[in-house]
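Topology and contacts: notes
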Amino acid sequence: MRAVFYAVPVRHVCAAGLTTLLLIALSASLVFGRIDHSPRHSRLKVAVDAGHGGSDIGAWYPQFGLVEKDINLSVAKTLVRQLEDQGFSAFLIRDDDVYIELGERADLANRARADIFVSIHVNRFPQDTRCRGAQAFYQRGSAYGQQLAVFVQEELRKVDPTNDRKAIAADFKVLRETHMPGVLVEIGFATNAHDRQLIMDPGYRNAVAAAICRAIVRYRENGLSTDNRSQRSPGWSQRPCSA
Ligand SMILES: [Zn+2]
């Protein structure tokens, strides 16, 4: 009787101990699983620029409560949080309602030695209010910027499958003067009713930030360069850069 009396509790204790060990092992594998991935991402620093700010309001449609500088900042803040969750080092060029000169925005990213630059904006085209769709722009001649913008555009399309815009080359000062691959994302047209509804929806803004975040993860996982200067060599400038 004594043997049975002890045998049962001991088995229970062992079972409980085994469960605990399994849980510890599982937690450890989850922790180490994250650590396995983190170093690759943690080396990457992403500068996130919320376009406009302070006296520079950007697109402004008070009848709809749409103020571009505020929309940009909300997307930028969400993107920084999401990038940090993925193990990136990310920071905001402006974290408040202040105006920073375009050249200074590029300088801030350069001085911080950011690896990737992202600028967030809202588009407008009063001449044709049918124009709609989020769009990614890259600096003309930047092959790496183009690749990043193509990834961003592909991910944006998943957010709104009716958006048939393509990543295109442009000449924006913040992209031209930054020393790392960059992308400028117009999250939609303030002048289009469909887009305006999306832009004013926090769920859409969150989804757009998540799309940009996924694109940056893909960029890194493809082992693409974070040094824009290398592509200014003749070899890179001969590459086609049209979207
Ligand atoms: Zn803008």
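Criteria and cut-off values
Residues numbered from 1 in each chain as written. Predicted model: local features only at pLDDT ≥ 70, side-chain atom pairs only at ≥ 80, totals over all residues. Helix = DSSP H or I, 4+ residues; strand = E, 2+ residues; numbered from the N terminus. Buried ≥ 20, exposed ≤ 12 C-beta atoms within 10 Å, placed from the backbone. Pairing = 2+ DSSP bridges. Axes fitted to C-alpha atoms, helices over the stretch in contact; angles between N-to-C directions. Contact = placed C-beta atoms within 7 Å. Core = buried A, V, L, I, M, F, W, Y, C linked by C-beta atoms within 7 Å. Parallel < 35°, antiparallel > 145°, perpendicular 65-115°, else oblique. Left-handed = near helix turned anticlockwise from the far one by under 90°. Nonpolar A, V, L, I, M, F, W, Y, C, P; charged D, E, K, R; others polar. Arc of directions from axis to C-beta.

It is worth spelling out the overall build of the protein at this point. Each helix and strand in the protein was counted, giving 8 helices and 8 strands. A total of 243 residues make up the protein; the buried ones form 40% of that total.

In terms of residue burial, strand β5 (residues 116-123) counts as a mostly covered element, since 8 of its 8 residues are buried. In terms of strand pairing, β5 meets strand β8 (residues 182-189) through 6 bridges, oriented parallel. Among the inter-strand pairings, Ile 120 is bridged to a residue of β8, identified as Val 185.

Summarising the element assignment, Val 80 is placed in helix α2 (residues 68-85). On the basis of neighbour count, Val 80 is assigned to the buried category, with 23 C-beta atoms found within 10 Å. In this structure, the C-alpha to C-alpha distance between Val 80 and Ala 90, residues 10 residues apart in sequence, is 5.5 Å.

Sheet strands associate in pairs through backbone hydrogen bonding, adopting either a parallel or an antiparallel arrangement. Read from one edge to the other, the open sheet built from 6 strands follows the order β4-β1-β5-β8-β6-β7, with strand pairing classed as mixed. Each edge of the open sheet is held by one strand with a lone partner, namely β4 (89-92) and β7 (168-170). Along the sheet, successive strands turn relative to each other by an average axial angle of 30°, direction set aside. Strand contacts of α2: β1 (45-50), β4, β5 and β8, with the helix running at about 145° to β5, the strand carrying the most contacts.

Another point: the nonpolar core. Ranked by internal contacts, the top residues of the largest apolar core, which has 56 residues, are Val 46, Val 152 and Ile 212. With 9 residues, the single largest contributor to this core is helix α7 (residues 202-221). Not counting residues up to four positions away in its chain, the partners in contact with Val 46 are Leu 83, Phe 88, Ala 90, Ala 114, Asp 115, Ile 116, Val 118 and Ile 216.

This next bit is on the packing of α2 against α7. Look at α2 against α7: their axes get within 9 Å of each other, and the N-to-C directions meet at 45°. The angle between α2 and α7 places the two elements in the oblique class. For α2 against α7, the interelement crossing comes out right-handed. Contacts between α2 and α7 pair Ser 74, Val 75, Thr 78, Leu 79, Gln 82 and Leu 83 from the former with Arg 205, Asn 206, Val 208, Ala 209, Ala 210, Ile 212, Cys 213 and Ile 216 from the latter. Its residues assigned to classes, the contact of α2 with α7 comprises 9 nonpolar, 4 polar and 1 charged.

This brings us to helix α3 (residues 102-111). Along α3, the residues that are buried comprise Arg 105, Ala 106 and Ala 109. For α3, the arc enclosing every buried residue in end-on projection is 95°, short of the 170-degree limit, so these residues lie on one face. Across α3 from its buried face, at more than 90 degrees, point the exposed residues Gly 103 and Arg 111. For α3, the elements touching its buried residues are β1, β5 and α5 (173-176). Residue Arg 113 follows α3 closely and has a positive phi angle near 55°.

A few words now on the pairing of β8. With 8 of 8 residues buried, β8 is to be regarded as a mostly interior element. Across 3 bridges, strand β6 (residues 135-139) lies against β8 in antiparallel orientation. Among the inter-strand pairings, Ala 136 is bridged to a residue of β8, identified as Val 185.

What follows deals with unusual backbone geometry. Positioned with a positive phi, His 52 is a non-glycine residue whose angle comes to about 65°. With respect to the helices and strands, the residue His 52 is situated in the loop between β1 and β2 (60-61). By the C-beta count within 10 Å, which is 25 here, His 52 ends up buried. Although it is not a glycine, Arg 113 adopts a positive phi angle of roughly 55°.

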